[in-house]
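Each chain, written out:
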Amino acid sequence: MEWIQSINRAIDYIEDNILEDIHLEDVAEQVHISLFHFQRTFNLLVGMTAGEYIRKRRLSLAGEELTKEGAKVIDIAFKYGYESPESFSKAFTRFHGITPKQAGKGMQMKNFNKLTIRVSIEGGSMVDYRIEKKDSFSVIVYPAVFTEENSAEKIPAFWNAYFQEGLNEKVSGSVGICFQESIKAKEFLYGIGSIQSASAQSPDRMERIPADFRQIVIPAHTWAVFQCVGVMPDAIQNMWKFIYGEWLPAAAYELIPNYDIEYYPPGDKDAADYVSEIWIPVREKS
């Protein structure tokens, strides 16, 4: 249950500092999770990014204050971290569907309350997975930088571009690899490519690496390997939610913050019986 407890503590910290300039690095540090895993876990368990949650909570609270007698839009805009009444008004209207001035006239607004994450175990979910030890191996990937805020939209577009531009003719796009440690605040590296060979091979035996691709050695690990059955990308996205929301809280294993791999064997990715895999490095809980 550590993941659930950590995200609930993070939500408490956000609520206690909702009027402050909240940095997600500070939130992650408060709950002793890496920034990458805090952002990913929050997104998968809550269904939105931490930044989106903070924005919605502030706009909801701002709406409540605007109903009070004597409330001024400019004061509330600055109170909730907006640089100008104009930027606040645009965000407020997008969220509530009415302007800040209309909020004080009894018009209906959206209410977005503080969230609490709970796990309710009502029955066993049938998921095929295995625990497998793998020696170190090499991958060749075409990398790009993403943030948790834009990854849901941009990574699928990255995959589409990989095949549309014919990069799969240089290196088959059979794996997607997420490098879990941020390269700088809020950013992480993601690559598309293929598993190449055992890392023990000497450099002169390595295959030629195409321009703009990188060769990366994945260290030896024990991996939890999950089968994802169904149409892509829904099947793999649903499995990620299961891993973070159900499997990790109850499993005898904990996640190692290193790499995770999505493996896409040949086949029809639009077929209901297509089988892909998620590999995550794990160790037994002490």
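Residues numbered from 1 in each chain as written. Predicted model: local features only at pLDDT ≥ 70, side-chain atom pairs only at ≥ 80, totals over all residues. Heavy atoms only, no water.

(A) Structural view of the packing of aromatic side chains. The full count for this structure, using the stated rule, is 27 aromatic pairs. With 5.3 Å between their ring centres and 25° between their planes, Tyr 129 and Phe 226 make a pair best called stacked. In this pair, Tyr 129 is assigned in strand β1 (residues 129-134) and Phe 226 in strand β6 (residues 221-229), connecting sequence segments 97 residues apart. The class of Phe 226 is buried, set by a relative accessible area of 0%. Taking 6.4 Å as the distance between ring centres and 40° as the angle between the ring planes, the aromatic pair formed by Phe 146 and Phe 188 counts as tilted. (Phe/Tyr/Trp six-rings, centres within 6.5 Å; stacked < 30°, edge-to-face > 60°. Helix = DSSP H or I, 4+ residues; strand = E, 2+ residues; numbered from the N terminus. Buried < 20%, exposed > 50% of the residue type's maximum accessible area, 1.4 Å probe, protein only.)

(B) Seen up close, the nonpolar core. Ranked by internal contacts, the top residues of the largest apolar core, which has 38 residues, are Tyr 190, Phe 226, Ile 243, Trp 247, Ile 278 and Ile 280. Elements supplying a minimum of two residues to this core: β2 (137-147), α8 (151-164), β4 (187-198), β6, α9 (234-250), β7 (253-255) and β9 (275-284). The element best represented in this core is α9, accounting for nine residues. Apart from residues lying up to four places away in sequence, Phe 226 is in contact with Val 127, Asp 128, Tyr 129, Met 239, Phe 242, Ile 243, Trp 247, Ser 276, Glu 277, Ile 278 and Ile 280. Of all hydrophobic cores here, the second largest spans 36 residues; its members include Ile 14, Val 31, Phe 95 and Ile 117. (Core = buried A, V, L, I, M, F, W, Y, C linked by side-chain atoms within 4.5 Å. Contact = heavy atoms within 4.5 Å.)

(C) Just α9, in detail. Between the first and last C-alpha of α9 there are 23 Å, a value that for 17 residues agrees with the 24 Å anticipated at 1.5 Å per step. Residue Ile 243 marks the point of greatest curvature in α9, where the axis turns by about 40°. (Expected span 1.5 Å × (residues − 1). Bend = angle between axes of the 7 residues up to and from the residue.)

(D) Region of the structure containing the packing of helix α3 (residues 35-46) against α9. Running from amino to carboxyl end, α3 crosses α9 at an angle of 105°, the nearest separation of the two axes being 9 Å. Classified by the angle between their axes, α3 and α9 sit roughly perpendicular to one another. Together, His 37, Arg 40, Thr 41, Leu 44 and Leu 45 of α3 and Trp 240, Lys 241, Tyr 244 and Gly 245 of α9 make up the contact between the two elements. Here the residues of the contact of α3 with α9 sort into four nonpolar, three polar and two charged. (Axes fitted to C-alpha atoms, helices over the stretch in contact; angles between N-to-C directions. Parallel < 35°, antiparallel > 145°, perpendicular 65-115°, else oblique. Nonpolar A, V, L, I, M, F, W, Y, C, P; charged D, E, K, R; others polar.)

(E) Focus on the environment of Lys 114. Mapped onto the secondary structure, Lys 114 falls in the loop between α7 (100-103) and β1. Residue classification places Lys 114 among the partly exposed residues on the basis of a relative accessible area of 40%. Considered as a pair, Lys 114 and Ile 14 are 100 residues apart in the sequence and their alpha carbons are 9.7 Å apart. If sequence neighbours within four positions are ignored, Lys 114 has contacts with Ile 11, Asp 12, Glu 15, Tyr 53 and Arg 57. A distance of 2.6 Å separates polar atoms of two side chains, one belonging to Lys 114 and the other to Asp 12. (Polar contact = N/O pair within 3.5 Å; in protein donor to acceptor, adjacent residues only side chain to side chain.)

So far we have only geometry, and geometry alone does not tell us how the molecule works.
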